[in-house]
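Letter by letter, the chains look like this.
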Amino acid sequence: MKVRHTAAWIGVTAVALVTTSACGGAAQKAAVDNADTIMAALARATDRTEKIGSAQMNMTADMGNGTPVSMNGTYSWGDGYAFDVEMDTAAAQMQALQDAPTTRMLFVDGAYYYDIDPQSSGPIAGKEWMKIDASAVLGEKGAQALSTSPGASSPAASMRGLKFAKDVEDLGQETINGKSTVHYRAELGEKELGKFADAYTEDNPFTNLAGNPSTIVMDIWVGEDDLPVRMKQDIGNVSMTMDFLKFGATAGVEAPPAAETGDLTEQVEQMQTQQG
């Protein structure tokens, strides 16, 4: 198995985590202006989302190459960030590792796991799962920013970032997935990103993937129950849309058995170094 095969889909892996956490570290004061009503609505939605702690979601990642990748499954953030999703194998360009039309991807305990076909050679020879530590995907600073910020890895973390943005807009009512919502939009620059701005360095593969972004444009559609129905983030060349289908009552995410897992972290780190 050639490590070069990871280059095409490693961006999907980074996007799935970064876009749910990149706005959580700000320390600026919210602009007051006449946005009190907007801020109150966003605060209610953020608090409710954070307390519920999990959701069934559909996510679509567009890396600007014309082939969006959908990831459907469950996400939890109440007791550490984790997800269990299925993604289209061909769209993610993982055919070298998986013959099935979809590939299962987990994130739990700071590492990614991919359900693959057993390979004939290398560190994942004969294994059902491939493991890659978050540091190999996001860089050391990116992984550290996530692990040292309580509650930073969740949809609520991104929503908290909205209150630090300038000129949050109320774009009016829209129907999303059959639900009546209010559409809000905000732009966050380097000052609003807080410690996560420091994570977007050259050792973070997401930086190059997104075209060295300096701002994040974020849209959120909030339903009548004060919960998000859809979130969309544009980070440089990358766009991620998250549809919340159902909140709460999701199964926990557990790492696969160690005996069935091959660790490819070192090889991916070497690949990133060579490409850098």
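Computed from a prediction, not measured in an experiment: that's the story for all the values here.

Student: Run through the overall build of the protein, naming residues and quoting values.
Tutor: Helices and strands together make up the secondary structure of the protein, namely 8 helices and 12 strands. By residue count, 50% of the 276 residues in the protein fall in the buried class. Of all intrachain contacts in the protein linking residues separated by at least 6 positions in sequence, the fraction that spans at least 24 positions is 62%. Total accessible area on the protein stands at roughly 12,300 Å², and carbon and sulfur atoms take up 44% of it.

Student: An account of the pattern of salt bridges is requested, with residue identities and associated values reported.
Tutor: Within the structure shown, the criterion is met by 5 salt bridges. Put simply, Arg104 and Asp84 hold a salt bridge, and the shortest N to O gap is 2.7 Å. Taken together, the residues Arg104 in strand β4 (residues 102-108) and Asp84 in strand β3 (residues 82-88) connect sequence positions 20 residues apart. Among the residues examined, Arg104 registers a relative accessible area of 30% and is labelled partly exposed.

Student: Outline the packing of aromatic side chains, supporting the account with residue identities and numerical values.
Tutor: On inspection of all chains with the given rule, the structure shows 7 aromatic pairs. Seen from their ring centres, Tyr75 and Phe83 are 5.3 Å apart, and the 45° between their planes marks the pair as tilted. Ring geometry for Tyr81 versus Phe107: centroids 5.9 Å apart, planes at 50°, classification tilted. Linking Tyr81 in the loop between β2 (69-76) and β3 with Phe107 in strand β4, this pair joins segments that are 26 residues apart in sequence. Here Phe107 falls in the buried class, since its relative accessible area comes to 6%. Each residue in the set Tyr75, Tyr81, Phe83, Phe107 and Tyr112 is aromatic and connected to the rest through ring pairs, giving one cluster.

Student: A description of the pairing of strand β5 (residues 111-115) should follow, citing residues and the corresponding values.
Tutor: The element β5 is extensively covered by neighbouring structure, given that 4 of its 5 residues are classed as buried. The sheet contact formed by β4 and β5 spans 4 bridges and is antiparallel. Within the sheet, the bridge partner assigned to Val108 lies in β5 and is Ala111. With antiparallel pairing between neighbouring strands as the criterion, β4 and β5 make up a hairpin whose turn holds 2 residues, including Asp109 at a positive phi of roughly 55°. As defined by bridge partners, β5 adjoins strand β6 (residues 129-133) across 5 bridges and the pair is classed as antiparallel. By the bridge assignment, Tyr113 is partnered in β6 with Lys131.

Student: Pulling in residues and values, what's your account of the pairing of β3?
Tutor: With 5 of 7 residues buried, β3 lies mostly within the body of the structure. With 6 bridges joining them, β2 and β3 adopt antiparallel strand pairing. Along β3, the bridge assignment pairs Gly73 with Val85. The loop that links β2 with its antiparallel partner β3 comprises 5 residues; one of these, Gly80, has a positive phi angle of about 90°. Where β3 and β4 come together, 6 bridges link them in antiparallel fashion. Considered in β4, the bridge of Val85 is made with Met105.

Procedures and definitions
Residues numbered from 1 in each chain as written. Predicted model: local features only at pLDDT ≥ 70, side-chain atom pairs only at ≥ 80, totals over all residues. Heavy atoms only, no water. Helix = DSSP H or I, 4+ residues; strand = E, 2+ residues; numbered from the N terminus. Buried < 20%, exposed > 50% of the residue type's maximum accessible area, 1.4 Å probe, protein only. Contact = heavy atoms within 4.5 Å. Areas by Shrake-Rupley, 256 points an atom, 1.4 Å probe, with all protein chains shown as cover. Salt bridge = Lys/Arg side-chain N within 4 Å of Asp/Glu carboxyl O. Phe/Tyr/Trp six-rings, centres within 6.5 Å; stacked < 30°, edge-to-face > 60°. Pairing = 2+ DSSP bridges.

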